[in-house]
Amino acid sequence: MMNYWAALSDRQRDVAQRPITALFDAETRAKAFSVTLETPATGPILFDYSKTNIDTETRDLLLDLARSCDVEGRRDAMFAGEKINETEDRAVLHTALRNLEGSVTVDGVDVMPEVRATLARMETFARDLRDGRIRGVGGRITDVVNIGIGGSDLGPAMAARALATYADGPRCHYVSNVDGAHIHDTLEALNPETTLVIVASKTFTTIETMTNAQTAKAWMSRAVAEPTRQFVALSTALDKTSAFGIDPARVFGFADWVGGRYSMWGPIGLSLMIAIGPEDFRAFLAGAAAMDQHFRDAPLVDNMPVMLAMVGVWHRQICGYGARAVLPYDQRLARLPAYLQQLEMESNGKSVAMDGSALTVPAGPIVFGEPGTNGQHAFYQLIHQGTDVVPCEFLLAGQGQEPAMAHQHRLLAANCLAQAEALMRGRSLDEARALMKAKGLKGKELERQALHRVFPGNRPSTLLVYPRLTPAMLGAIVALYEHRVFVEGVVLGINSFDQWGVELGKELAVQLLPMIDGTASTEGRDGSTAALVAALRELGI
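Let me sum up the structure you'll find in this document. Bear in mind the structure is a predicted one, so any value in this text is a computation, not a measurement.

Thoughts on the side chain of R324
And then number 1: Here R324 shows up in strand β12 (residues 323-329).
And then number 2: When its relative accessible area of 5% is taken as the criterion, R324 is described as buried.
And then number 3: Separated by 3.4 Å, the side chains of R324 and E393 make a polar contact.
And then number 4: Reaching out from R324, the side chain makes a polar contact with the side chain of E488 at a distance of 3.1 Å.
And then number 5: Among residues more than four places away in sequence, those in contact with R324 are G312, E344, P365, I366, V367, F368, V390, P391, E393, R484 and E488.

Remarks on helix α18 (residues 471-492)
Every α-helix carries 3.6 residues per turn, so stepping three or four residues along brings you back to the same face.
And then number 1: Here α18 contains 22 residues, and its C-alpha end-to-end distance of 32 Å stays within 8% of the 32 Å for a straight helix at 1.5 Å per residue.
And then number 2: Burial within α18 is extensive, with 22 of its 22 residues counted as buried.

Notes on the side chain of S461
And then number 1: For S461, the position within the fold is in strand β15 (residues 461-466).
And then number 2: Ignoring sequence-local partners within four residues, the contact set of S461 consists of K51, T52, C392, F394, A420 and L423.

Focus: the state of the cysteines
And then number 1: The tally for this structure, following the rule as stated, stands at 0 disulfides.
And then number 2: Just so you know, C319 is unpaired, no disulfide at all, and the nearest cysteine sulfur is the one on C392, 14 Å from it.
And then number 3: In this structure C416 is not part of a disulfide, and its nearest cysteine sulfur, from C392, lies 10 Å away.

Section: a nonpolar patch on the surface
And then number 1: Nonpolar side chains collect at one region of the surface, where L536, L539 and I541 lie side by side and expose about 330 Å² of accessible area between them.
And then number 2: Following the sequence through the fold, L539 ends up in the segment after α20 (527-538).
And then number 3: Take L539: its relative accessible area is 72%, and that puts it in the exposed class.

So, how was this worked out
Residues numbered from 1 in each chain as written. Predicted model: local features only at pLDDT ≥ 70, side-chain atom pairs only at ≥ 80, totals over all residues. Heavy atoms only, no water. Helix = DSSP H or I, 4+ residues; strand = E, 2+ residues; numbered from the N terminus. Buried < 20%, exposed > 50% of the residue type's maximum accessible area, 1.4 Å probe, protein only. Polar contact = N/O pair within 3.5 Å; in protein donor to acceptor, adjacent residues only side chain to side chain. Contact = heavy atoms within 4.5 Å. Expected span 1.5 Å × (residues − 1). Disulfide = S-S within 2.5 Å. Patch = residues over 30% accessible without salt bridge, like charges linked within 9 Å, V, L, I, M, F, W, Y side chains within 5 Å. Areas by Shrake-Rupley, 256 points an atom, 1.4 Å probe, with all protein chains shown as cover. Salt bridge = Lys/Arg side-chain N within 4 Å of Asp/Glu carboxyl O.

Encoded structure:
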C-alpha cells in the first residue's frame, strides 16, 4: 500500500514556497476548492478553503489518505452504534440524540425509544417552567444556574450565548470553576426564592461540580426551607442524586455512549432548552442532524466535515503548523473557540495510537481564538508578521441579528474578508518602500520603516459562510466541528472519545488537599510541591 504520509510530505516540500496567490490564475479555483451544503433546516452553507496551498494533486493525496484509514467505514460504524471507543468499550452515539427517526441498536437494544422519551420529559419540564407551572417558593422562576464543568458547562454556555436573541425564558447562568469567586459572583445578584439550580454531572461525583452544588444548596437554604425542591440533576447516578435530596422526577439521565464534550444535544442541554424553548431546541437538533446526514452521504471531496478535517491534517501533520485560530466574525459565537478547544484538544490531544503504539506524526494543534474584530487588535499581529504560521478559520454570517445595524455588519464582513486576503497576499518589501516613499521618507529611514511594514503573506485561511446564526445553523456548525475532530482522529489512528489525560491531575489533587489543609504530611512529595504547600500555609490558606 502506498505511504500517503510520505507522499504528502514530499508534496509539501515541493509546494512550500509556492504563493497561494499563484493558484488563483485559474478562475475556477474558488468554486473548485470549496464545499456547499444546503438543507431545509439551515439554508446554504459555504466552506471555502481556496486560500490554502492545497491544489488538486494535494487534495487527491489527502483523500487517498482518508480512504486508506477507512474514514468512511469508521464513520458508518459510529452511526451504527458499534463500540468504536475501544479503550472504554463504548459506542459513540451523541448523533442519536439529534436523529430522532429510525432505530439505533447497542448491544442488541434499540436505544431510540429511551432517547425520545427523555427528550419528551425535558420538553415537558421546560414548558412547565417557562409557563410558570413549575415555580419557586417566591413565585415564577426568573433565573436558572447550571453547575457543571467541561462538557457539562462549555457546550450549553456557548450555545446559550450564541442564541441569546432567541432566549425568551428565564435568565441562564453558568458556573464551572471551583474557585469560590465564580459561584459567589453568580449567586450574589440572584433571588434564591425564584432560582432553579441544575447540577450537571453524569456520575454526580465530579469534585468541582459537587463542591459548587453544595455551596448553592447552602445559599438557597438560607431563604428556602426545602432547597432541593428547586434543584434538578443531569445525571445517571440516581442513588447519589436522591442522597443529595433531588426528586427522581427531576433527574434526567443519559447513557455512557454520550461523551461529556458531545452531550449538549441531550439532558446537558436542558438549560439551553429552558432559555430558548423546546421548539427552537428541536431546530438546534435538526440543524445538527442535517449535518450528520450530509457527513454520512456526501462523497469525500464534497463532504464538508471531511474536507475541513483534511485541511486541518495538511496544516498540522504535514506542514507542521502547531496552532489553529478559530475566528468567528459573529460576537455571539464568542465562546465557540473555547468550546472547540475542548472538543479538539481533549479529543485528539494524544500521543499513542489506538493499539498503544507511539504516534509518528504530531497530534492535534493548539486551538485558540476570539471574535472579530476584537482579535484584530490583539493577536493578529503575530498571525500576520510573527515567525510562526497560524492557519486561520474564519466564520461569517451573511446577515447579522440586528437589521437596524446592517451597516455595522457590512463593516464586520469587510474586515473578515480583508484579513483573509491580507494573510494570503501579504505586502512585499518593494510595496512597503513605495508606501514609505509616498509618505515622504528617504534613504536609510525609508528602508528602516519599510522593513517594519513587510507582511510575508502566503498564510492560509478558510472561511465558513452561512446565512444567519439561527438555532439550526448553530447545530449544524457544532456538528460540523464534531465530525471534523472524528475524521482527524481516524486519520491519526487515535481514540478521540477518551480523555485519560484529565485523570492524573484530579487524582493528585485529592492527595494534596489534606496536605494543604494541614491534616497530612508532605513527606514523599517532590521538593517543589512540598515547599509550595508550606508557602501557601504560611499565607493562611
